[in-house]
Amino acid sequence: MRLITAVVKPHRLDEIKEALQAFGVHGLTVTEASGYGRQRGHTEVYRGAEYTVDLVPKIRIEVLAEDEDAEQLIDVIVKAARTGKIGDGKVWSLPVETAVRVRTGERGPDAL
Amino acid sequence: MAAAITLAAEAPRLSSANTGFMLICSALVLLMTPGLAFFYGGMVRVKSTLNMLMMSFISIGIVTLLWVLYGFSLAFGSGSAFIGWNADWLGLSHIGLTELWPGYTIPVFVFMVFQMMFAIITPALISGALADRVKFSAWALFVALWATVVYIPVAHWVWASDGWAFKLGVIDFAGGTAVHINAGAAALGVILVIGKRVGFKKDPMRPHSLPLVMLGAGLLWFGWFGFNAGSWLGNDDGVGALMFVNTQVATAAAMLAWLAYEKIRHGACTTLGAASGAVAGLVAITPSGGAVSPLGAIAVGVIAGVACAAAVGLKFKFGYDDSLDVVGVHMVGGIVGSLLIGFFATGKGQSDAAGVFYGDHSFDQLWKQCAGVFAVLAYSLLASAVLAFLLDKTLGMRVPEDEEVSGIDQSQHAETAYDFSGTGGGVVGGSTAQALAAAKIKKVDA
């Protein structure tokens, strides 16, 4: 199994959710996050004094997937998250040792 | 209030219309102080919001009492050119309910309470320059001393019929010198003594709530109609109405001018700029609104908007920490408004003195305005700096550095403005620490 994590622009959440549902993903976790990449945040002006705000709002989406689906799922998320502008975010995946459905105790792929 | 006493054939009689109008105006001016508290409170960081609100609010308590005990007597009693005196007014004793303010149709009590509201807001204005770092006890004492040593004499100079500036012919309709230059210069004097905030020019000190700033600016704008239009002490000849119109016109013009300046210099029309521009316009029209025409008021507003927007950057250039730009907005705005009377006074409003652009194009009124402006500026700056110095050497003006960094609200008021704890709230959804805190409170209650 793999854990796919995407840190993307907040306003792409709906598109990503829809794309994942269409792909057949049953569940995901969404967290509010903040951070910056190469674009380094933005500038705000208060009575002429400029402040550089490094951290910009992002959302982090986490999905558990079976090994054979992982690459395709990453493509689905990337396609739905992309605006073409700077700050679109990143997607990565990690190996997962096990997963358990708390209600039933099912383990491994059955828990997804 | 700057009207000369006219000798009418008939003695003035109490006017219930003017009395009612002035009581409403007094309430409007009082509203400006909580409005100012929100204007300032939104501009500071989360950790010092309550202190900022309290520095304005405490002035209502302190100045109200000292005004009743001796302030009104010293400010408006007939005495010398520099300070007044009337033993009958100490503690507001021996004032008849229907006794009229000389030359007007309103009771002495009404004039007294209207002036009280001015005395309340003026020290509160200073507090914006001192954000985040002054002991509340020292501030409370400063308010009482400053109102006594600086505000009361200056109000006497400018508005009492035997004050030297009044007799010289300095025009200050509603407080350009006595209120705004006075507070702005005092702010400069105090911050030169107490120094900068920890982290000034290094740490970000963004306003924590611009909606609060806008709410405060809106309340100030609303209350300012009482401040300005009420200053004619009744409205039998239309000057109060002219003042009302000019207040609105100059404020609108100043807001647009500040925004235009910002758009050109910094690329955006900001919320803080709109609120600040409006206040700059209100400040500038305060001394001049009874003397200029509505078109003159537009000029006053535009010039004040641009001048104040340019002036607020000076603190970074010169390195003094005027936290919320009391000097840049109130002192500069007050100077602009007071001096422009010397150019734009039409001679048809509150007095027949005309500025450079009207009448016989004389510089006479301009020189008078300069005398008033610079005398108040110099006295207030010096006296306030001395007061702050003495308080600093005795009580200590500043909180310890660690308390300033962790937040003055907690150390001075034992409160914080916002509850950011947990997502669930309450003991059940909260953390163990919250549960323990709740248990402690119960223990105290029992």
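Values in this document were obtained by computation on a predicted structure and should not be read as measured data. (Residues numbered from 1 in each chain as written. Chains lettered and ligands numbered in written order. Predicted model: local features only at pLDDT ≥ 70, side-chain atom pairs only at ≥ 80, totals over all residues. Heavy atoms only, no water.)

(A) A look at the overall build of chain B. Looking only at helices and strands, chain B has 17 helices and zero strands in total. Taking 22 Å as the expected radius of gyration for a compact globule of 446 residues, we find that chain B reaches 22 Å, a close match to that expectation. Counting only C-alpha atoms, chain B reaches 80 × 55 × 40 Å along its principal axes. Counting all 446 residues of chain B, 57% fall into the buried class. (Helix = DSSP H or I, 4+ residues; strand = E, 2+ residues; numbered from the N terminus. Rg over C-alpha atoms; globule rule 2.2 N^0.38 Å. Buried < 20%, exposed > 50% of the residue type's maximum accessible area, 1.4 Å probe, protein only.)

(B) How the structure looks around the overall build of chain A. Scanning chain A from terminus to terminus reveals two helices and six strands. The C-alpha radius of gyration computed for chain A amounts to 17 Å, which surpasses the reference 13 Å derived for 112 residues by more than 25%, pointing to a less compact arrangement than a globule. Principal-axis analysis of the C-alpha atoms gives chain A an extent of 60 × 25 × 20 Å. Considering only residue pairs separated by 6 or more positions, chain A has 71% of its internal contacts joining residues 24 or more positions apart. Carbon and sulfur atoms provide 48% of the accessible area of chain A, an area that totals close to 7200 Å². For chain A, the distance from the average site of its 16 positive side-chain charges to the average site of its 18 negative ones is 6 Å. (Contact = heavy atoms within 4.5 Å. Areas by Shrake-Rupley, 256 points an atom, 1.4 Å probe, with all protein chains shown as cover. Lys, Arg positive; Asp, Glu negative; His and termini not counted. Charge placed at Lys NZ, Arg CZ, Asp CG, Glu CD.)

(C) Main features of the sheet that holds strand β5 (residues 56-65) of chain A. Residue and element names in this part refer to chain A. Here four strands make up an open sheet; going across it, the order is β2-β5-β1-β6 and the pairing antiparallel. With one partner strand each, in any of the chains shown, β2 (29-35) and β6 (89-95) form the two edges of the open sheet. The mean angle between the axes of side-by-side strands here comes to 20°, regardless of whether they run parallel or antiparallel. As defined by bridge partners, strand β1 (residues 2-8) adjoins β6 across seven bridges and the pair is classed as antiparallel. Bridged to Val-7 within β6 is Lys-90. In the packing of helix α2 (residues 67-81) onto the sheet, the strands contacted are β1, β5 and β6, and the crossing angle to β1 comes to about 10°. (Pairing = 2+ DSSP bridges. Axes fitted to C-alpha atoms, helices over the stretch in contact; angles between N-to-C directions.)

(D) A look at the interface of chain B and chain A. At the junction of the two partners, chain B supplies 18 residues and chain A supplies eight residues. For the pair chain B and chain A, the summed buried area comes to about 1100 Å², and 62% of that belongs to carbon and sulfur atoms. Counting the surface chain B buries against chain A, the share from its top three residues, Arg-206, His-266 and Leu-272 of chain B, is 44%. At the boundary of chain B and chain A, one finds two salt bridges. Here Arg-47 of chain A and Asp-325 of chain B are joined by a salt bridge, their closest N and O atoms 2.9 Å apart. Summed over the shared surface of chain B and chain A, the number is five residue pairs in polar contact (both at pLDDT 80 or more). When residues of the side of chain B that touches chain A are traced back to their parent elements, those giving at least two are α8 (239-266) and α9 (271-288) of chain B. The dominant element in the side of chain B that touches chain A, judged by the number of residues it contributes, is α8 of chain B, at three residues. Its residues assigned to classes, the side of chain B that touches chain A shows twelve nonpolar, three polar and three charged. (Buried area = accessible area lost by both parts, 1.4 Å probe. Salt bridge = Lys/Arg side-chain N within 4 Å of Asp/Glu carboxyl O. Polar contact = N/O pair within 3.5 Å; in protein donor to acceptor, adjacent residues only side chain to side chain. Nonpolar A, V, L, I, M, F, W, Y, C, P; charged D, E, K, R; others polar.)

(E) A look at the side chain of Asp-132 of chain B. Residues and elements named next belong to chain B. Note on placement: Asp-132 falls in the loop between α3 (108-126) and α4 (136-159). Here Arg-45 takes part through its side chain, which lies 2.7 Å from a polar atom of the side chain of Asp-132. At 2.5 Å, the side chain of Asp-132 and the side chain of Ser-48 are in polar contact. If we ignore the near neighbours within four places in the chain, the residues touching Asp-132 are Val-44, Arg-45, Ser-48, Asn-51, Arg-197, Val-399, Glu-404 and Ile-408.

(F) Representation of the packing of α4 of chain B against helix α6 (residues 176-194) of chain B in the model. Residue and element names in this part refer to chain B. Taken N-terminus to C-terminus, the directions of α4 and α6 make an angle of 140°; their axes are 10 Å apart at the nearest point. Taken together, the axes of α4 and α6 lie oblique to each other. Viewed along their axes, α4 and α6 form a crossing whose handedness is right-handed. Across the interface between the two elements, Phe-142, Trp-146, Val-150, Tyr-151, Val-154, Ala-155, Val-158 and Trp-159 from α4 touch Thr-177, Ala-178, Val-179, Asn-182, Ala-183, Ala-186 and Val-190 from α6. Within the contact of α4 with α6, the residues separate by chemical class into 13 nonpolar, two polar and no charged. (Parallel < 35°, antiparallel > 145°, perpendicular 65-115°, else oblique. Left-handed = near helix turned anticlockwise from the far one by under 90°.)

(G) Structural detail: unusual backbone geometry. All names here are of chain B. In this model, Leu-92 sits at a positive phi of 55°, which is unusual for a non-glycine residue. Residue placement: Leu-92 occurs in the loop between α2 (49-76) and α3. Leu-92 sits in the buried class, given a relative accessible area of 16%. Positive phi outside glycine occurs at Asp-132, with the angle close to 80°. Accessibility expressed as a relative area gives 4% for Asp-132, which makes it buried.

(H) Region of interest: the packing of aromatic side chains. Residue and element names in this part refer to chain B. Under the counting rule described, the total for this entry stands at 27 aromatic pairs over all chains. Here Trp-67 and Tyr-151 contribute two aromatic rings whose centre-to-centre distance is 6.5 Å and whose plane-to-plane angle is 55°, an arrangement assigned as tilted. You can see Trp-67 sitting in helix α2 and its partner Tyr-151 sitting in helix α4, a full 84 residues away along the chain. The same class applies to Trp-67 and to Tyr-151, which are both buried. Chaining the aromatic ring pairs together yields one cluster made of Trp-67, Phe-72, Phe-76, Trp-89, Trp-101, Phe-111 and Tyr-151. (Phe/Tyr/Trp six-rings, centres within 6.5 Å; stacked < 30°, edge-to-face > 60°.)

(I) Seen up close, the environment of Asn-51 of chain B. Among the structural elements, Asn-51 of chain B can be located in helix α2. If we skip the residues at most four places from it in the chain, Asn-51 of chain B touches Asp-132, Val-134, Phe-136, Ile-408, Asp-409 and His-413 of chain B.

(J) Quick peek at the confidence of the model for chain B. Residues and elements named next belong to chain B. Summary statistics for chain B give a mean pLDDT of 92 and a share of 92% for residues scoring 70 or more. Low pLDDT, under 50, characterises residues 423-432; the predicted model gives this stretch five contacts beyond four residues in sequence or across chains. For this predicted complex, the interface confidence comes out at an ipTM of 0.76, alongside a pTM of 0.85. (pLDDT = per-residue confidence, 0-100.)

(K) Representation of the nonpolar core within the structure. Ranked by internal contacts, the top residues of the largest apolar core, which has 131 residues, are Trp-67, Phe-72, Trp-101 and Leu-130 of chain B. Those residues in contact with Leu-130 of chain B that lie beyond four places of it in its chain are Met-55, Trp-139, Val-190, Ile-191, Ile-194 and Ser-323 of chain B. The next biggest cluster of nonpolar side chains, apart from the first, holds 18 residues, and it includes Leu-13, Val-63, Leu-73 and Ala-81 of chain A. (Core = buried A, V, L, I, M, F, W, Y, C linked by side-chain atoms within 4.5 Å.)

(L) Layout of the pattern of salt bridges. Per the counting criterion, the structure on display carries twelve salt bridges over all chains. Lys-9 of chain A is the salt-bridge partner of Asp-88 of chain A, the closest N and O atoms lying 3.5 Å from each other. Here Lys-9 of chain A lies in the loop between β1 and α1 (13-23) and Asp-88 of chain A lies in the loop between α2 and β6, a separation of 79 residues in the sequence. Residue Asp-88 of chain A shares its accessibility class with Lys-9 of chain A, and that shared class is buried. Close ionic contact of Lys-368 of chain B with Asp-364 of chain B constitutes a salt bridge, the shortest N to O distance being 3.6 Å. Residue Lys-368 of chain B and its partner Asp-364 of chain B are located together in helix α13 (residues 364-394), separated by four residues, close to a single helical turn. Taking relative accessible area as the criterion, Lys-368 of chain B reaches 23% and is therefore assigned partly exposed. Here the residues in one salt-bridge network are Arg-45, Asp-132, Arg-197 and Asp-321 of chain B, joined through shared partners.

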